[in-house]
Amino acid sequence: MENRWLADVLARPTPESVRFLGRTEVVDCLARIDVVAAVKDALVSHHHGRTILPSEAYLSWTNQHGAYSRSIGMPGAVLDQGDEAAYGMKIINASVSNPEFGLERAGGLGLCFDPRTARVTAVMEVGVLSAVRTAAVTAIAVEATGYGSVRSLAVVGCGTQARVHLALLLARCPELRRITLCDVRRPVAESLAGELVSRHPGVSFSVAATPAEAMADAEMTLFLTTVSEGYVRPDWVRPGSLLLNVSLGDLTDEVLTGASALVVDDVQLIVENPRRPLGRLINEGRIAAKARADRPSITATIGELLAGDMLSERPDTGYVVVNPFGLGILDVALFGAVLRRASSAGIGQVLELV
Ligand SMILES: NC(=O)c1ccc[n+]([C@@H]2O[C@H](COP(=O)([O-])OP(=O)(O)OC[C@H]3O[C@@H](n4cnc5c(N)ncnc54)[C@H](O)[C@@H]3O)[C@@H](O)[C@H]2O)c1
């Protein structure tokens, strides 16, 4: 059968195209952008209400290997970025069985939208950019909570995020001297430590057998695992330390409710997601969504700390938890910056749509 009538549809208006950027091109553009400054500006814009951050679309399933698999759609806009606002969307998919087959766990696409026509103007690979955005938030939170000059760091979970986080933190925290790595797959931690040793001869790298052992001596601990059940016990937490709960599932309820300060990126997104421990605790009324002196509560957002609206003091006895849910607007801000760079330097492939 041939659908001849489709020929009539091809009578077409103005040509339209989209710029496609693969990973190499995205990384090439990112290398020439101050990514931490771009993410920081977007966090401040968000604090001042100069962003649009709709709810995320979330689809999950179990694949044929029995592994948790999901797709998250994250649209957003940063209204005061450069001359024009940045509008776009991140689609980030992941399956926890991917590393067994030699694939990165997470991967996806970033889309830029034209503010005037609403058309998609760019499509880019997002794996590295997403990890760079997440690491930038961590670096900003470390500095905003007063931990920028720590000397010791533990990293629990040594996959893609750990690699990017360590590259950025080692560049931004020159006083870091001791890094302890831990992964359920010990060879993964050993191999990352081996790579880093040769590039950072002034820093000591070691591998711990358990998260408790890694945390014991560290002024801050970075969680980058894929667990869904909290396992970190309060007695493992070193007094005065910072816990960066990037993978969102590692801390037990006791550790979350016992923090002397709890810093987040966005309260609303956390409240809307009771499948994550902090969102569940807020929905159960065990942690208040606004700062209170009489019970566990969220102390501040990173945007508030950056805008100087809230003061965060590094505690001597308690500990601070940062729980960055992950904001699509920060990716969208980077998509905009990458596209500006790619367009001006002629990077990427221009694909004809119509
Ligand atoms: N909050 C955010 O903004 C944000 C953004 C991106 C990714 N993430 C999260 O970061 C986490 C890491 O992502 P990734 O891409 O690096 O994943 P990955 O699969 O590449 O690495 C995860 C590593 O954790 C290890 N691991 C799993 N369970 C462990 C445990 N109990 N103890 C020690 N190690 C353990 C795995 O062996 C693996 O090496 C994921 O949970 C992801 O959802 C959060």
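What comes next is a walk through the structure.

Rules behind the numbers
Residues numbered from 1 in each chain as written. Predicted model: local features only at pLDDT ≥ 70, side-chain atom pairs only at ≥ 80, totals over all residues. Heavy atoms only, no water. Phe/Tyr/Trp six-rings, centres within 6.5 Å; stacked < 30°, edge-to-face > 60°. Buried < 20%, exposed > 50% of the residue type's maximum accessible area, 1.4 Å probe, protein only. Near = heavy atom within 4 Å. Polar contact = N/O pair within 3.5 Å; in protein donor to acceptor, adjacent residues only side chain to side chain. Areas by Shrake-Rupley, 256 points an atom, 1.4 Å probe, with all protein chains shown as cover. Helix = DSSP H or I, 4+ residues; strand = E, 2+ residues; numbered from the N terminus. Nonpolar A, V, L, I, M, F, W, Y, C, P; charged D, E, K, R; others polar. Pairing = 2+ DSSP bridges. Lys, Arg positive; Asp, Glu negative; His and termini not counted. Salt bridge = Lys/Arg side-chain N within 4 Å of Asp/Glu carboxyl O. Contact = heavy atoms within 4.5 Å.

## Some remarks on the packing of aromatic side chains
In total, this model carries one aromatic pair according to the counting rule given. Residues Tyr-231 and Trp-236 carry aromatic rings whose centres are separated by 6.3 Å and whose planes lie at 55° to one another, so their mutual orientation is tilted. Relative accessible area serves as the criterion here: at 22%, Tyr-231 is assigned to the partly exposed category. Taking relative accessible area as the criterion, Trp-236 reaches 19% and is therefore assigned buried.

## Thoughts on the site of the ligand
Among the 21 residues in the neighbourhood of the ligand, the closest are listed as Arg-105, Gln-161, Asp-183, Thr-225 and Pro-324. Note that an oxygen atom of the ligand is positioned 2.9 Å from one of the side-chain N or O atoms of Arg-105. Compared with its free state, where it exposes 870 Å², the ligand has 87% of that area covered by protein. Residue assignment for the shell around the ligand shows that the elements contributing at least two residues are helix 3 (127-144) and helix 4 (160-172). In terms of residue class, the shell around the ligand is built from eight nonpolar, nine polar and four charged.

## Some thoughts on the pairing of strand 5 (residues 86-95)
Every other side chain in a regular strand lies on the same face of the sheet, so the side chains alternate between the two faces. Here strand 4 (residues 68-78) pairs with strand 5 via 10 bridges, running antiparallel. Pairing of Val-78 across the sheet is with Ala-86, part of strand 5. Sheet topology note: the strand 5/strand 6 (residues 106-113) ladder contains eight bridges and is antiparallel. Paired with Tyr-87 across the bridge in strand 6 is Phe-113.

## Topic: the side chain of Asp-183
Within the secondary structure layout, Asp-183 lies in the loop between strand 9 (178-182) and helix 5 (186-199). An unpaired buried charge is present at Asp-183: no salt bridge exists, and Arg-185, the closest side chain of opposite charge, is 4.1 Å distant. Leave out the neighbours within four places in its chain, and Asp-183 touches Gly-157, Cys-158, Gly-159, Val-188 and Ala-189.

Bear in mind that shape data such as this cannot, by itself, settle questions of function.
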